[in-house]
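Geometric and topological summary
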Amino acid sequence: GYAGVVRFRGVRIGGISGIFKSHDYRKGHFEYPPYNQQTIRSAYHVRNIEVFKLKQLKRPMDIFMSHDWPRSIYHYGNKKQLLRMKSFFRQEVESNTLGSPAASELLQHLKPTYWFSAHLHVKFAAFMQHEANSKEELPKATKFLALDKCLPHRDFLQIIDVEHDPNAGDSLEYDAEWIAVLKATNSLVNVTQSTWNMPEKNGLHAKWDYSVTEEAIKEVLEELNHDLKIPCNFTLTAACYDPSKPQKNMEPIHTINPQTTEFCAQFGLTDINDRIQQAKEESSGRGECEEEEEEEMDSTGSAEEPSEYNTDNSGLSSFNPDEIMLDEEGGDEDLSTCSVDPSPDHPPEFSTSFSDIRIMPDSMAVSSDDAMDSNNEELEKSGGSKQVEEKSSTERSLKRISGDENGNSGVKKIKRRNQAIYAAEDEDKTD
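All residue numbers refer to position in the chain's written sequence, counted from 1. At least 70 in pLDDT is required for a residue's local features to be given in this predicted model, at least 80 for side-chain atom pairs to be given and counted, and no such filter applies to totals for whole chains, interfaces and linings, which use all residues. With hydrogens and water stripped out, all remaining heavy atoms of the structure feed into the side-chain values.

- Taking an unreviewed UniProt entry as the reference, the protein is identified by name as DBR1 enzyme belonging to Sterrhoptilus dennistouni.

This is how it looks when you write it as structure tokens:
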């Protein structure tokens, strides 16, 4: 769930969940239902242990998926077109703070053939040529693709052919190296709010390399009798919603997932949900009451220990009007200021190729002029229809800052932006 690697028809697919926030990055996975106003957010914040585990992988990765964009990936695509469509990204692009530094770290380590992300609600393709680690190694390249929101007239779908084994079975399979890494790093599991750093070669840790040997991978294969097929053992843990029997104000409960229990038991791993449940019972038994930290804290992390990264930017621009937000994070949005659909006279040209090849150093300074440059002239032709959207985006940004007229945040609840569009009739009928 938090991070993982599986195989499908010979294609190795990895992923990491959540968004980056520096003040939660070095904490354990301590959240559980029912959530409060802090844990409902921190539950989906990326943790350093997941990044650490993925960085132990040595075998090639075909596809990697993340919610956040890797920081700096926008330098390897058409920045001018990106900023035309999402002008409120400009400051973060120019300061190189848009996106997740943790994901960027994984991108440089894993060098997958494809990397797919979401979160910023705009289609963007990039081609990143990696530097070879040695003269004998062939340089690798990553094709990055993010897509827009699944809404009318938005570019939310693209079909990509991926090389695979046509003779392989039609089921998901475990990845033996990933299972071996989970076993090797099992002692690092943390289910507390305490911040800590992962082992590194700095003289403070007796062991810092948790990558696995071929022998360890072979042991996993022998445990599974060389049958890597993931069992279809889904079990219902909550009743399906029945509109004829509405149950209001039901408080969610912390559930131990039987699939996770079985998985952890099979490989001798710690079930994090079970460990959290134990910690909760021990805490209530002692009558302890820990004060919860506020979500919106200084970007440098907790007061006692600064983050290893210099920002808590989650990869979402502070004023992204398309993101799904909690009400307290922004005022009500007038649907009349929704994104302007592309004009029939100026249809957007979405490139399916990754031809803009750039090799850049890890530390790069980006000027305002550089952010306007682009090697892809074809995409500039579609810029005319985006001018109104820029203006609309600015108006929505101001509206999000202002809140309501009386300055009241109102009741805190989850609200999906542009909800009226989902329920509306097909807009093509009225065009």
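1. Section: the overall build of the protein
- Note on conventions: DSSP H or I runs of at least 4 residues are helices, E runs of at least 2 residues are strands, and numbering of each starts at the N terminus. Broken down by element type, the protein carries 12 helices and 10 strands.
- In this scheme, a residue with accessible area under 20% of its type's maximum is buried, one over 50% is exposed, and one in between is partly exposed, where area comes from a 1.4 Å probe on protein chains only. Every one of the 431 residues in the protein was classed for burial, and the buried ones make up 43%.
- With an accessible surface of roughly 23800 Å², the protein has 50% of that area assigned to carbon and sulfur atoms. Surface accessibility in these figures is a Shrake-Rupley result with a 1.4 Å probe; residues are shielded only by whichever protein chains are displayed.

2. What about the nonpolar core?
- Within the largest apolar cluster, 50 residues are counted, with the highest numbers of intra-cluster contacts made by L54, W69 and F89.
- No other element matches the six residues that helix α7 (residues 176-184) contributes to this core.
- We call two residues in contact when some of their heavy atoms are within 4.5 Å. Leaving out residues up to four positions away in the same chain, W69 has contacts with L82, G99, S100, A103, S117, A118, L120, V122, F124, F144 and A146. By nonpolar core we mean a set of buried residues, namely Ala, Val, Leu, Ile, Met, Phe, Trp, Tyr and Cys, connected to one another through side-chain atoms within 4.5 Å.

3. Brief notes about the pattern of salt bridges
- In what follows, salt bridge is the name for a side-chain nitrogen of Lys or Arg lying within 4 Å of a carboxyl oxygen of Asp or Glu. The full count for this structure, using the stated rule, is 13 salt bridges.
- A salt bridge links R12 to D175; its shortest N-O distance comes to 2.8 Å. Separated by 163 residues along the polypeptide, R12 in strand β2 (residues 11-16) and D175 in the loop between β7 (172-174) and α7 bring together distant segments of the chain. The residues R12 and D175 share a single accessibility class, namely buried.
- Taking the shortest distance from any N to any O, the salt bridge between D148 and R154 comes out at 2.9 Å.

4. Describing a nonpolar patch on the surface
- Nonpolar side chains collect at one region of the surface, where F156, L157 and I159 lie side by side and expose about 340 Å² of accessible area between them.
- In this structure, F156 sits in the loop between β6 (141-146) and β7.
- Accessibility expressed as a relative area gives 34% for F156, which makes it partly exposed. A residue counts toward a patch only above 30% relative accessible area and without a salt bridge, and it is joined to like-charged neighbours within 9 Å or, for Val, Leu, Ile, Met, Phe, Trp and Tyr, to nonpolar neighbours within 5 Å.

5. A look at the packing of aromatic side chains
- Between rings of Phe, Tyr and Trp, where Trp is taken as its six-membered ring, a pair exists when centres lie within 6.5 Å; planes separated by under 30 degrees are stacked, by over 60 edge-to-face, and by other angles tilted. In this structure the tally under the stated criterion is 11 aromatic pairs.
- Centroid distance F52 to Y210: 5.6 Å. Interplanar angle 70°. Geometry classified as edge-to-face. Here the residue F52 occupies a position in helix α3 (residues 48-54), and Y210 occupies one in the loop between α7 and α8 (214-223), the gap between them amounting to 158 residues. Of the two residues, F52 and Y210, both sit in the buried class.
- An angle of 70° between the planes, with centres 5.5 Å apart, marks the rings of W69 and F144 as edge-to-face. With W69 in the loop between β3 (63-66) and α4 (79-85) and F144 in strand β6, this pair connects stretches of sequence that are 75 residues apart.

6. A short note on the layout of surface pockets
- By volume, the largest pocket amounts to about 1200 Å³.
- Within this scheme a cavity is a closed region of a 1 Å grid, computed over the protein atoms alone, that accommodates a 1.4 Å probe without allowing it to escape, whereas a pocket is open but has protein on both sides within 12 Å along at least five of seven lines; lining residues each have an atom within 4 Å of a point. Lining of the largest pocket is provided by 43 residues; of these, G1, Y2, A3, T260 and F263 occupy positions nearest its centre.
- Of all elements in the fold, only β1 (3-8), β2, α3, α7, α9 (258-267) and α10 (272-286) reach the threshold of two or more residues within the lining of the largest pocket.
- If one sorts the elements of the lining of the largest pocket by residue count, α9 sits on top with six residues.
- All amino acids are sorted into three groups, where Ala, Val, Leu, Ile, Met, Phe, Trp, Tyr, Cys and Pro are nonpolar, Asp, Glu, Lys and Arg are charged, and the leftover types, Gly among them, are polar. For the lining of the largest pocket, the residue count by class is 21 nonpolar, 17 polar and five charged. Grid points are joined across faces, edges and corners, and a volume is the space filled by probe spheres set on the points.

7. Topic: the side chain of H130
- Tracing the backbone through its elements, the reader meets H130 in the loop between β5 (124-129) and β6.
- H130 sits in the buried class, given a relative accessible area of 5%.
- Distance and chemistry together define a polar contact, namely a pair of N or O atoms within 3.5 Å, with one atom able to donate a hydrogen and the other to accept it when in protein, and with adjacent residues in sequence counting only for side-chain atoms on both sides. Side-chain polar atoms of H130 contact the side chain of T142, separated by 2.7 Å.
- Ignoring anything within four residues of it in the chain, the contact list for H130 reads L107, K111, P139, K140, A141 and T142.

8. Let's talk about helix α6 (residues 101-110)
- Here α6 lies mainly inside the structure; seven of its 10 residues are buried.
- The complete set of buried residues in α6 reads P101, A102, A103, S104, L106, L107 and L110.
- The backbone nitrogen of A102 has a side-chain oxygen 3.3 Å away, supplied by the residue at the start of α6, namely S100.
- One or two positions beyond α6, positive phi appears at K111, with a value near 50°.

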